[in-house]
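Next come the chains, spelled out residue by residue.
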Amino acid sequence: MATAMRLRRLGAAACVATAASGAFLLQPSFSASDRGNGPSSLGAVRQRISDPNAVVPSRAAQEAALISASASNPLDILVIGGGATGSGVALDAVTRGLRVGLVEREDFSSGTSSRSTKLIHGGVRYLEKAVFNLDYGQLKLVFHALEERKQVIENAPHLCHALPCMTPCFDWFEVVYYWMGLKMYDLVAGLRLLHVSRYYSAQESVELFPTLARKGNNKSLKGTVVYYDGQMNDARLNVGLACTAAVAGAAVLNHAEVVALLKDEASNRTIGARIRDNLSGKEFDTYAKVVVNAAGPFCDSLRKMADQDAKPMICPSSGVHIVLPDYYSPEGMGLIVPKTKDGRVVFMLPWLGRTIAGTTDSNTSITLLPEPHEDEIQFILDAICDYLNVKVRRTDVLSAWSGIRPLATDPSAKSTESISRDHVVCEDYPGLVTITGGKWTTYRGMAEDAVNAAIKSGNLTPENGCLTSKLHIVGGDGWDPASFTVIAQQYVRMKNSHGKVVPAVMDTAAAKHLSHAYGTFAEQVAAIAQNENLGKRLAHGYPFLEAEVAYCARNEYCESAIDFIARRSRLAFLDTDAASKALPRVIEILATEHKWDNSRQKYELEKAKEFLETFKSSKNAQFHDGKHV
């Protein structure tokens, strides 16, 4: 009866969605700000970013640019926070012709932005809530996310792709319910649709997903409904945004912590920040007409620098993910467990040659290095267990991590207003614009809103409107899925082996990895592997090459061993044991690039090992009587 009622609601809501999506489809895919001098500006920016000879300014040059921003000659905007949103703000602002700086306490994407589910999604769960709660606000959220989803994939094609996701159904009511719901999702997507959803029989489903269980809760599999969302390499996309902003002219600096905000005594307006370079220990002041707080879960800490009595606007939520061997899921097909025991949704997705499963959603405290709890890991394993015909083992967990979602409340909203899954932009202190909440998929739209608010706050005069909806990040312009063949055919991997330099083939796995990780700059990495004898793999069973360490140190602000194993490559997230074994060689190459002495190398090894211990793989977890504790 309840299911029938839900189906009737879906049918009624489809009419509303049809009308809404019709209006949505008629909207132009460009903003009014793209008119006039917009297109010519866009062409100039594109040319600068896609230049094959373009290089990011050195870290020293970026720091010098920030130091030169004085009270008499300030930046237009100083962004604090180098996650997806902060890097997006810097890119948006600098491509509008504004003078921009960005500082990040750790590394680009070191926090929440590297610890996502790796999905670029419109929010099919939000659509369900919109239908059953008759909530137009949730529906608008889905519209916006679906529009942004397609743009993210188009702007970073080497790092993003469409991924089919399978929803298993164990009775015919579920088949009809999920088919109707996902057809609505297609409808709402409109012209932004990736691929059409469809039903597969039980036999077809098992052929597509061999480890899928044929029985669940004493019911036989009736079939599956497959729909499409996007998938990304989140940390590399974030690093790409920061590097694109740098190429476009922004002064971006990682490992640079804000220790205090600077204020004008007369107006009490925020006019800059005191910054400490965490690599050198040096402190300096940077002045700006507007400061944008994009510190994610830590944005309240920054707001308290402006006002010790600031009301918190962040309600942190823990999202835990685990990585399993590739045999848990086939390449190119994800699985969604639509309802776990407590009503949450769990994903199981192929990612970079392994299987990622998650996520949890529970209250947590804010910390720099969140760690997953054992019961959260077990919850995910239990959730997927009922849907698979293979034994799900804790010992198969190659890596497990926790990320903090910065769910936000608007400090100016009424106290009765609920926590929003949407983003919040506010200026509750003069000169300090805060942007928080939201999700990875909508980072670009969030950045646009934040820059618009900053322009208004500082009476800034940009040269043009927002250009980022049609702007490729570095490595994306001109990239083609077949680009890896050039690398495979034209390069070899020269490597040192037992004191001798020997050649090795640039096999398909390595070539594809370089192409997808670096886009059109993959050939530069391949050239380093060939010409500098850095073609050896860093870890058995993974395509990461020694040449990548050198390339990232020179071109992507890779300043520590953790920067490389966690964010320039994804080895820490894929397999903590493999990352640990690769560390000595990673540090050796970085020491050559950055001229580290022995004490610095020892420090890097200790810090990286401490970092990897927060990833609760089966190697790092503790056993008692054969069970993890």
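Only a predicted model underlies this, so the values are computations on that prediction, with no experimental measurement involved. (Residues numbered from 1 in each chain as written. Predicted model: local features only at pLDDT ≥ 70, side-chain atom pairs only at ≥ 80, totals over all residues. Heavy atoms only, no water.)

A.B. asks: Give me the lowdown on the overall build of the protein, citing residues and values where you can.
C.D. replies: When helices and strands are counted, the protein shows 20 helices and 24 strands. In terms of overall size, the protein behaves like a compact globule, its C-alpha atoms giving a radius of gyration of 24 Å where 629 residues would be expected to give roughly 25 Å. Per-residue burial for the protein yields a buried fraction of 57% across its 629 residues. For the protein, the proportion of contacts with a sequence separation of at least 24, taken over those separated by at least 6, is 74%. A total accessible area of about 25800 Å² is found for the protein, and carbon and sulfur atoms account for 53% of it. In the protein, which carries 68 positive and 68 negative side-chain charges, the distance between the mean positions of the two groups comes to 4 Å. (Helix = DSSP H or I, 4+ residues; strand = E, 2+ residues; numbered from the N terminus. Rg over C-alpha atoms; globule rule 2.2 N^0.38 Å. Buried < 20%, exposed > 50% of the residue type's maximum accessible area, 1.4 Å probe, protein only. Contact = heavy atoms within 4.5 Å. Areas by Shrake-Rupley, 256 points an atom, 1.4 Å probe, with all protein chains shown as cover. Lys, Arg positive; Asp, Glu negative; His and termini not counted. Charge placed at Lys NZ, Arg CZ, Asp CG, Glu CD.)

A.B. asks: Lay out the UniProt feature "domain: Alpha-glycerophosphate oxidase C-terminal" (unreviewed entry) in the protein in plain terms, naming residues and giving numbers.
C.D. replies: Mapped onto this structure's residue numbering, the UniProt feature "domain: Alpha-glycerophosphate oxidase C-terminal" (unreviewed entry) falls at residues 466-600. Taken as a whole, residues 466-600 contains 53% helix and 9% strand, while its terminal C-alpha atoms sit 43 Å from one another. (UniProt positions renumbered as here; feature names shortened; annotations may be inferred.)

A.B. asks: Describe unusual backbone geometry, naming the residues involved and giving the relevant values.
C.D. replies: The step from Gly358 to Thr359 runs through a cis peptide bond, and the omega angle for that step is 15°. Inspection of the secondary structure puts Thr359 in the loop between β16 (354-358) and β17 (362-363). One non-glycine residue, Asn268, lies in positive phi territory at about 65°. Its place among the elements puts Asn268 in the loop between β10 (256-263) and β11 (270-277). Given a relative accessible area of 45%, Asn268 falls into the partly exposed group. Located in the positive-phi region is His498, a residue other than glycine, with phi close to 55°. By secondary structure assignment, the location of His498 is in the loop between β21 (492-497) and β22 (500-505).

A.B. asks: Break down the packing of helix α17 (residues 561-568) against helix α19 (residues 576-594) for me, citing the residues and quoting the values.
C.D. replies: Remark: α17 packs on α19, axes separated minimally by 9 Å, with the N-to-C direction vectors making an angle of 120°. Between α17 and α19, the interaxial angle falls into the category oblique. The element α17 and its partner α19 pack so that their crossing is right-handed. For the pair α17 and α19, the contacting residues are Ala561, Phe564 and Ile565 in the first and Leu583, Val586, Ile587 and Leu590 in the second. Residues of the contact of α17 with α19, tallied by class, amount to seven nonpolar, no polar and no charged. (Axes fitted to C-alpha atoms, helices over the stretch in contact; angles between N-to-C directions. Parallel < 35°, antiparallel > 145°, perpendicular 65-115°, else oblique. Left-handed = near helix turned anticlockwise from the far one by under 90°. Nonpolar A, V, L, I, M, F, W, Y, C, P; charged D, E, K, R; others polar.)

A.B. asks: Hey, could you go over the packing of aromatic side chains for me, with residue numbers and the actual values?
C.D. replies: Overall, the coordinates contain eleven aromatic pairs when judged by the stated rule. Aromatic side chains Phe108 and Tyr557 sit 6.4 Å apart centroid to centroid with 70° between the ring planes, which places their arrangement in the edge-to-face category. Highlighted residues: Phe108 in the loop between β2 (100-103) and β3 (119-120) and Tyr557 in the loop between α16 (546-555) and α17, separated in sequence by 449 residues. Across the pair, Tyr557 and Phe108 agree in class, each one buried. Arranged with centres 5.7 Å apart and planes meeting at 80°, the rings of Tyr185 and Tyr227 form a pair that is edge-to-face. With Tyr185 in helix α7 (residues 172-189) and Tyr227 in strand β8 (residues 223-232), the pair connects residues that are 42 residues apart, well separated along the chain. The pair formed by Tyr185 and Tyr227 is uniform in burial state, with each residue classed as buried. A cation sits over an aromatic face here: Arg236 above Tyr518, 4.3 Å from the ring centre. (Phe/Tyr/Trp six-rings, centres within 6.5 Å; stacked < 30°, edge-to-face > 60°. Lys NZ or Arg CZ within 6 Å of the ring centre and 35° of its normal.)

A.B. asks: With reference to specific residues and values, describe the domain arrangement of the protein.
C.D. replies: The domain boundaries assigned to the protein delineate domain 1 (43-113 + 236-313 + 409-470), domain 2 (157-232 + 315-406) and domain 3 (482-614). The centre of domain 1, based on its C-alpha atoms, is set 30 Å off from the matching centre of domain 3. Each partner contributes to the interface: domain 1 provides 20 residues, whereas domain 3 provides 15 residues. Together domain 1 and domain 3 conceal approximately 1300 Å² of surface at their shared face, both sides included; 51% is due to carbon and sulfur atoms. Of all residues in domain 1, Val56, Asp107 and Arg236 bury the most surface against domain 3, accounting for 41% of the area lost on that side. The interface formed by domain 1 and domain 3 holds three salt bridges in total. Among the ionic pairs, Arg567 bridges to Asp107, the shortest N-O distance being 2.7 Å. Scanning the region where domain 1 abuts domain 3 turns up ten residue pairs in polar contact (both at pLDDT 80 or more). Examining the composition of the side of domain 1 that touches domain 3, we find that four residues originate from one element, helix α9 (residues 234-248), more than from any other. Of the residues assigned to the side of domain 1 that touches domain 3, the class counts are ten nonpolar, six polar and four charged. (Domains from an automatic or database assignment. Buried area = accessible area lost by both parts, 1.4 Å probe. Salt bridge = Lys/Arg side-chain N within 4 Å of Asp/Glu carboxyl O. Polar contact = N/O pair within 3.5 Å; in protein donor to acceptor, adjacent residues only side chain to side chain.)

A.B. asks: Tell me about α7, and please be specific about residues and values.
C.D. replies: With 18 residues, α7 extends 26 Å from end C-alpha to end C-alpha; this agrees with the ideal 26 Å at 1.5 Å per step. Of all the residues in α7, the buried ones are Val175, Tyr177, Tyr178, Gly181, Leu182, Met184, Tyr185, Asp186, Val188 and Ala189. With a side-chain oxygen positioned 3.1 Å from the backbone nitrogen of Phe173, the residue opening α7 is Asp171. Among the residues trailing α7, Gly190 stands out with phi positive, at a value near 60°. (Expected span 1.5 Å × (residues − 1).)

A.B. asks: Break down the pairing of β8 for me, citing the residues and quoting the values.
C.D. replies: For β8, the tally of buried residues reaches nine of ten residues, placing the bulk of the element in the interior. The pairing of β3 with β8 spans two bridges and is antiparallel. Following the sheet pairing, Leu119 is matched in β8 by Gln231. Sheet topology note: the strand β4 (residues 160-169)/β8 ladder contains ten bridges and is antiparallel. Among the inter-strand pairings, Thr167 is bridged to a residue of β8, identified as Val225. As paired strands, strand β5 (residues 198-200) and β8 are joined by three bridges and run antiparallel to one another. Opposite Tyr199, over in β8, you have Val225 as the bridge partner. (Pairing = 2+ DSSP bridges.)

A.B. asks: Please set out the packing of α16 against α19 residue by residue, giving values where relevant.
C.D. replies: α19 packs onto α16 with a crossing angle of 35° between their chain directions and a minimal axis gap of 9 Å. For the pair α16 and α19, the crossing hand works out as right-handed. Listed contacts from α19 to Glu546, Val549, Ala550, Ala553 and Arg554 of α16 are Arg585, Val586, Ile589, Leu590, Glu593 and His594. Residue composition of the contact of α16 with α19, by class: six nonpolar, one polar and four charged.

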